[in-house]
Amino acid sequence: MCRWAQLATSSPTNLDITVPSTAANIVLTWTNPVSTPDTNEVWRSADGVTFALFTTVAGAVTTATDASGLAANSFFYYKVRSCKSGQCSPFSATISACNLFNSPNVASISFPTLIRTFGAGNSFAATGLAALASVSLPALKRVDDILELGANPNLTSINLNVLTNCPQFDLSNDTSLVGISLPSFASTTNFVGTMCTILTLVNTPILIFVNGGTLDFSGCALNTATVNQMLARGVASNVNTNTFTLNAGTNSPP
């Protein structure tokens with residue numbers, strides 16, 4: 001009973017959606033509490049508010065697959081708890097995923113639990129939104145295809161601190177955008193911010209371009225430090241196979 005008392009106050013941790021998940025087969029993983037439970041319960045929600053038990057797995061198991069199929073422009077939210085001898089721990093932190101999300105014209109986009117976006121094409125699109133002034137996606141780690149945040153005239157900054165992989169990231173024509181911070185952004189094919197006319201700072205310290213990728217920040221106002229960092233990341237990516245465009249606008253020379 002003493003061992004279970006410890007478990008009952010400890011939640012599963014590190015709940016995640018693993019590669020190679022798809023919208024049709026979402027693979028969840030987590031870390032169990034120290035004391036092995038009898039079972040683990042996976043709960044799911046379509047709105048992040050009302051959850052229902054999705055599946056129960058053996059206590060030693062730390063993975064589950066949702067093959068229900070995530071519809072376009074929709075979300076699934078997940079949380080997990082461990083149970084033993086008829087008692088259950090508190091729930092883990094909630095995570096969520098979306099598929100081919102297309103935002104309405106709102107002033108603020110905030111999805112604090114979103115860690116993965118699925119779908120070929122615009123996996124997550126918030127583009128041409130006159131009202132949009134802020135985007136908060138603090139847990140977003142991975143995008144299947146295109147992260148489209150372009151042509152938003154009132155969006156001033158973008159900070160995606162844990163984003164690691166996104167094949168195509170488009171910020172074109174964000175005319176009020178001043179700064180972009182992507183400190184964990186590790187891999188992309190196309191990274192575009194053309195005609196972000198007052199964009200000064202883009203922070204991508206570990207980015208590698210793959211598959212003959214493109215970087216195009218023509219018509220911007222990048223400072224020297226940003227231009228030098230982008231060129232350094234190009235060299236690290238083998239720049240001979242990539243196209244980098246930093247002309248026009250008021251971009252600083254390297």
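Remember, it's a predicted structure, so these values are computed and weren't measured experimentally. (Residues numbered from 1 in each chain as written. Predicted model: local features only at pLDDT ≥ 70, side-chain atom pairs only at ≥ 80, totals over all residues. Heavy atoms only, no water.)

Peer 1: Even after reading the chapter, I still don't get the nonpolar core, so can you show me in this structure?
Peer 2: Generally speaking, nonpolar side chains in soluble globular proteins are found buried as a group. Membership of the largest hydrophobic core comes to 44 residues, with the highest contact counts inside it found for Phe124, Leu163, Phe169, Phe191 and Phe217. Secondary structure elements with two or more residues in this core: strand 6 (74–84), strand 21 (208–216) and helix 2 (224–236). Those residues in contact with Phe169 that lie beyond four places of it in its chain are Leu147, Leu149, Leu160, Leu163, Leu182, Phe185, Thr188, Asn190, Phe191 and Val192. Membership of the second largest hydrophobic core comes to 18 residues, among which are Leu15, Leu28, Val57 and Ile115. (Core = buried A, V, L, I, M, F, W, Y, C linked by side-chain atoms within 4.5 Å. Buried < 20%, exposed > 50% of the residue type's maximum accessible area, 1.4 Å probe, protein only. Helix = DSSP H or I, 4+ residues; strand = E, 2+ residues; numbered from the N terminus. Contact = heavy atoms within 4.5 Å.)

Peer 1: Hey, could you run me through the packing of aromatic side chains in this one?
Peer 2: For any pair of aromatic rings, the description consists of the separation of the ring centres together with the inter-plane angle of the planes. For the structure on display, the rule yields 13 aromatic pairs. When the ring of Phe75 is compared with that of Tyr77, the centres are 6.0 Å apart and the planes differ by 20 degrees; the resulting orientation is stacked. Look at Phe101 and Phe124: their rings are 4.9 Å apart centre to centre, the planes differ by 35 degrees, and that puts the pair in the tilted class. Placement of Phe101 in strand 9 (residues 101–102) and of Phe124 in strand 12 (residues 122–125) is noted, with a sequence separation of 23 residues between them. The exposure class assigned to Phe124 is buried, which follows from its relative accessible area of 0%. By way of ring pairs, the aromatic residues Phe75, Tyr77, Phe101, Phe111 and Phe124 are connected into one cluster. Residue placement shows Lys79 over the ring face of Phe51; its charged tip is 4.2 Å from the ring centre. (Phe/Tyr/Trp six-rings, centres within 6.5 Å; stacked < 30°, edge-to-face > 60°. Lys NZ or Arg CZ within 6 Å of the ring centre and 35° of its normal.)

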